[in-house]
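In case you want the letters, here they are:
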Amino acid sequence: MSIPQSGGGPIESRAQLAEYLSDGCKPKDAWRIGTEHEKFGYCKDTLKPLPYDGTRSIKAMLEGLRDRFGWAPVMEAGNIIGLEKDGANVSLEPGGQLELSGAPLATIHETCDEVNSHLREVQDVAEKIGVGFIGLGAAPIWSHEDMPVMPKGRYRLMTDYMDRVGTMGKTMMYRTCTVQVNLDFASEADMVQKLRVAFALQPVATALFANSPFLDGKPNGHKSWRSRVWRDLDPDRTGMLPFVFEDGFGFDAWVDYALDVPMYFVYRDGQYIDALGQSFRDFLDGKLPALPGEVPTLSDWADHLTTIFPEARIKKFIEMRGADGGPWRRLCALPAFWVGLTYDQGALDAAWDLVKGWDAETREALRVAASVDGLQAQVGDLRMHDLAREVVSIAEAGLAARAMPGAGGMIPDETHFLNALKDSIESGRVPADELLAHYHGDWGGDLSKIYAAYSY
């Protein structure tokens, strides 16, 4: 979840809302890669989630990272709720999931070095206090009642609202983890092509990264339960957004959509003001019940954009949001997948040619099938396994064409970051399949063994 935005004066015209998005346009040589990933922390002796406070806690983790590795604290109401350093952030999800929001970096070599450095720091602090971290898309055993609540005003408001608009919002907030990548665009037309490819192929990412087959201590019938959760969260702010594929789509159309998404809050002077269900359109007219007579600032608009949760979204960049959190080596495969597809024009054109004939029903059916069956999904004549093989091949060609070297030139490009996905395609097994095989095999149905086997 995002931290409060800052900067920007009062909004004087609706045009500023689209201009805010279009200000993200960058020349290709300025495109960057921002990788985010979340993981669950737990007490090693009890296998219970970390509380916020105490000797073994989220607070102790944040303070340890601050003191040992030079991160600057982010505070809210006197509580440490995040960290900042060198353009990167460490933040907290509602149930204490620890998130790295990486700095914008030029290559996957750099972003993977950043991920690895972060995980080593987390390990260093965690081992000293008897804490472990595990990369999964959903908490396999813990109930909602087991989960702590982080001291963030944003999350208190969201928790209160979730049961009004869906059945799985609190599950998403407290018991799921993701890995995602944030990518740039050169122009409105480039954004449109990338966003359409992003929505159409998000189910492929969901299938390849599916890693949440358990909930409440048993199999849940899905390879990606996390993806299933997002389908029954809040229809006003989630989904595959068919309008993105309509003629004339662009920044203005996204503004129209975002203005119709009900608000959560307004952030003022360190406080989250309840605006649940209220209208940003009314806010523009100075008629927001939560702040009568006030008009929004650009930072209010930026905050509002962070409360929209479709499978891909735009702010001043594009976020790819369909993948489950997972094991260490897959955290670098996710940016490799999307960078390969979108940062080389030949690959982007090939990806668009692959999906441009699909209708909204096909895209939604692929989304549902991916969450249930992973690589074994099939929609009509489309077999996910074959589709994934073709898409990863396109991504590999895109990374080869980018030809971004690493290790001082010893590694010619970024293609090796796709190896984990190529292994899945070769075997037909994604992480969820491996977990289920262990559960029904050598674990003998004892899901507590997942912690020793899959922790970082």
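Quick note: structure is the one above.
Every value quoted in this text rests on a predicted model; they were computed, and no experiment measured them. For every chain, the first residue of the written sequence is number 1, and numbering continues from 1 along that sequence. Local features are withheld for residues below a pLDDT of 70 in this predicted model, meaning they are given only at 70 or higher, and side-chain atom pairs are given and counted only at 80 or more; totals for whole chains, interfaces and linings count all residues. Note: side-chain values were computed over all heavy atoms of the structure, leaving out hydrogens and water.

Would you take a moment to explain helix H13 (residues 360-373) for this structure?
Residue pairs three or four apart in sequence face the same way in an α-helix, which turns once every 3.6 residues. Put simply, DSSP H or I for four residues or longer makes a helix, DSSP E for two residues or longer makes a strand, and each gets a number counted from the N terminus. Each residue after the first adds 1.5 Å to the expected span of a helix. Taking 1.5 Å per residue as the helical rise, H13 with its 14 residues ought to reach 20 Å, and the 20 Å between its terminal C-alpha atoms agrees with that figure. Every buried residue of H13 is accounted for by Arg363, Leu366, Arg367, Ala369, Ala370 and Ser371. Contacts are residue-level and defined by heavy atoms, with any inter-residue pair within 4.5 Å sufficient. Residues of H13 that are buried make contact with helix H6 (188-208), helix H7 (225-230), strand S14 (378-379), strand S15 (382-383) and helix H14 (384-402). Of the residues trailing H13, Gly374 is marked for its positive phi of about 60 degrees. The cut-offs for exposure are 20% and 50% of the maximum accessible area for each residue type, with area from a 1.4 Å probe on protein chains only; residues under the lower value are buried, those over the upper are exposed, and the others partly exposed.

Help me out: how do you make sense of unusual backbone geometry in this one?
What is expected of a backbone is that most residues other than glycine have negative phi and most peptide bonds are trans. For Asp86, which is not glycine, the phi dihedral falls at a positive 50 degrees. For Asp86, the location among the structural elements is in the loop between strand S3 (79-85) and strand S4 (88-92). Overall, the relative accessible area of 71% leaves Asp86 in the exposed class. Within the chain, Ala403 stands out as a residue other than glycine whose phi angle is a positive 50 degrees. By the secondary structure assignment, Ala403 is in the loop between H14 and helix H15 (419-427).

How should I be thinking about the pairing of strand S1 (residues 33-43) in this particular structure?
Residues in a regular strand point their side chains to alternate faces of the sheet. For S1, a buried count of 11 out of 11 residues is recorded, marking the element as mostly surrounded by other parts of the structure. Of the two faces of S1, the one lined by Ile33, Thr35, His37, Lys39, Gly41 and Cys43 and the one lined by Gly34, Glu36, Glu38, Phe40 and Tyr42 are each fully buried. With 5 bridges connecting them, S1 and strand S7 (residues 178-183) associate as antiparallel partners. Along S7, the bridge assignment pairs Thr35 with Val181. Strand pairing is assigned whenever DSSP detects at least two bridges linking the two strands. In terms of strand pairing, S1 meets strand S5 (residues 98-101) through 4 bridges, oriented antiparallel. The residue bridging Lys39 from the neighbouring strand is Leu98, located in S5.

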